[in-house]
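Tertiary structure, described
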Amino acid sequence: MNIKNYINGQYENPINKEWIDNYCPANGEVYGKIPNSSKADVENAYNAAQSAFPSWSQTTFEARSRILIKISELLEANLQRFAEAESKDNGKPISLAKTVDIPRAASNFRFFGNAITQFASESHESVGHNAMNYTLRQPIGVVGCISPWNLPLYLFTWKIAPAIAAGNCLVAKPSEVTPMTAYLLGEICNEAGLPKGVLNIVHGLGTTTGQAIIEHPDIKAISFTGGTITGAHIAKVAAPMFKKLSLELGGKNPNIIFADCDYNDMLETTVRSSFSNQGQICLCGSRIFVETSIYKKFKKDFVEKVKKLKVGHPSDESTNIGALVSKTHLEKVLNYIEIAKNENGIILCGGEQVIVKDFENGYYLEPTVIEVSNDECRINQEEVFGPVVTIMPFNNEDEVLQMANKVKYGLSATLWTNDLKRTMRMSSQIQAGIIWVNTWMMRDLRTPFGGVKASGIGREGGFEALRFFTEAKNVCIKF
Ligand code: NDP
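Description of the structure in this document. This is a predicted model, so every value here is computed, not measured. (Residues numbered from 1 in each chain as written. Predicted model: local features only at pLDDT ≥ 70, side-chain atom pairs only at ≥ 80, totals over all residues. Heavy atoms only, no water.)

1. Here's the deal with the site of the ligand
Taken together, 30 residues sit near the ligand, with E176, T230, L249, C282 and E383 positioned nearest. H233 places a polar side-chain atom, nitrogen or oxygen, 3.5 Å from a nitrogen atom of the ligand. The fraction of the free accessible surface of the ligand (900 Å²) that becomes covered by protein chains is 88%. Of all elements in the fold, only α7 (206–214), β10 (221–225) and α8 (228–238) reach the threshold of two or more residues within the shell around the ligand. Here the residues of the shell around the ligand are counted per class, giving 12 nonpolar, 14 polar and four charged. (Near = heavy atom within 4 Å. Polar contact = N/O pair within 3.5 Å; in protein donor to acceptor, adjacent residues only side chain to side chain. Areas by Shrake-Rupley, 256 points an atom, 1.4 Å probe, with all protein chains shown as cover. Helix = DSSP H or I, 4+ residues; strand = E, 2+ residues; numbered from the N terminus. Nonpolar A, V, L, I, M, F, W, Y, C, P; charged D, E, K, R; others polar.)

Next up, the structure:
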């Protein structure tokens, strides 16, 4: 099946007539083509967005809100179709696509459809000067959104929904590895009555299509989620043009387990926070630190549970671990397992590719637990982004805090303890944008989302996202 660009409300072939193969990770076969869009397609998308902007930016909040909520309802009504498409394109278990990816994509539209009706700006009375200041929050214009392959529609809509709600028009690019649900979204937007040109979706390689978006002189803001190296490149290109930037980048998140935690709850959740989506979630807790007094027990129980996870075809409802997203990515993860072995890491379970019957060419890998004794080894410092976690013991709070912070990343952290004082101390000192205590990946869309250090700059989520997608303008009236 050939995917097309969605420009000005219509599906278009790429102008250069060049196509890229789209692979199904579950069997390694090509199952469609996607446009290898050039600068010319991005220019068409920009022109459509620019033409739509005067009218869309003046559309009432109520009307915008209605359309966003309608998109959300249509996504919910098409849950099965979208979940199947996501699972096939990405390799993730269908059960996950049905319960997380697509419902959360629908929530993004519903949430920002509501949020825009509550979004307000400030006023400041300059007492004694007979003056009143008020702040306008105006849409930026045409903005660019670029998203990764791990949670394709979920992260794509995380950007698109607030951008549109705030009155902007968009040129958006999903990852070339997982374009399918973004392609299907166009139909839904048309059915929901989104005016043509408000959202334009161009497909293609990051280095050509993505590059054309970030270097376009009139695309005034870029919201990007992806790898840290790509984020640094985008920052470099965008800075001389003074584009507004939001960068949500990689992570190497600590999962810190104290002996006083609710053990069973911790164990269940730690299996999830390690291996959900084949470990390909920027928020996965890939470095597990366990207090010495329960280390032995944890090691035994955790490995036992991990061994029970079923690696299988994504469309099988009983599958826990589906396929990794691509052959290149599988090779990258396998290479990290070799690096860990060479660094004296002990493979407690997993570590090998899995051959699934009838799908021998799929990109399957066993969930892998590696015991390390040195927190500074590469497997503990670099983002693997696969079903691989490390475990190591710690003696006290100071020691684990130091190890938690001794990485270049700072996206999220998980803390398991019932000690309130320790919770307060640790959560204020861990260098991360998001701290979960006695839970993982519990999301409230009103909260700020983003990382520190090499995990990015800026925050999205709630009003933070609406602030990012608007310009503040102060008006001062003397009376
Ligand atoms: P990449 O950085 O490789 O790609 C992300 C997106 O950027 C893709 O659409 C890609 O296109 C595009 N891109 C690549 N090069 C350029 C360029 N020069 N100009 C513009 N766009 C470009 O990341 P991955 O897709 O591999 O995603 C995995 C990464 O994303 C991990 O590091 C993960 O931690 C991070 N991530 C961060 C999250 C967060 O919220 N902080 C959430 C989820 C993931 P294409 O793929 O088509 O080449």
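Right, picking up where we left off after that structure.
2. What to know about the pairing of strand β8 (residues 169–173)
Here β8 lies mainly inside the structure; five of its five residues are buried. Alternating residues of β8 divide into C169, V171 and K173 and L170 and A172, and every residue in both groups is buried. For the handedness criterion, the β-α-β arrangement of strand β7 (residues 142–146), helix α5 (residues 152–165) and β8 is classed as right-handed. As defined by bridge partners, β8 adjoins strand β9 (residues 199–201) across three bridges and the pair is classed as parallel. (Buried < 20%, exposed > 50% of the residue type's maximum accessible area, 1.4 Å probe, protein only. Right-handed = clockwise from strand over helix to strand, strands pointing away. Pairing = 2+ DSSP bridges.)

3. A word on the sheet that holds strand β6 (residues 131–139)
Taken in spatial order, the three strands make up an open sheet running β5-β6-β24, and their pairing is antiparallel. Pairing within the sheet leaves two strands with one partner each, and these edge strands are β5 (123–126) and β24 (470–478). Between one strand axis and the next, the sheet turns through 20 degrees on average, direction left out of account. Examined bridge by bridge, β5 and β6 share four bridges and lie antiparallel to one another. Considered in β6, the bridge of E125 is made with M132. (Axes fitted to C-alpha atoms, helices over the stretch in contact; angles between N-to-C directions.)

4. Brief notes about the packing of aromatic side chains
The geometry of an aromatic ring pair is captured by the separation of the ring centres together with the interplanar angle, meaning the angle of the planes. Throughout the structure, instances matching the rule amount to 11 aromatic pairs. An angle of 50 degrees between the planes, with centres 5.6 Å apart, marks the rings of Y6 and Y11 as tilted. Through a chain of ring-to-ring contacts, the aromatic side chains of F111, F112, W158 and F449 assemble into a single cluster. When the ring centre of F468 is taken as origin, the NZ or CZ atom of K244, which lies over that ring, is 5.3 Å away. The ring of F258 has R422 sitting right over it, with the charged end atom 3.8 Å from the ring centre. (Phe/Tyr/Trp six-rings, centres within 6.5 Å; stacked < 30°, edge-to-face > 60°. Lys NZ or Arg CZ within 6 Å of the ring centre and 35° of its normal.)

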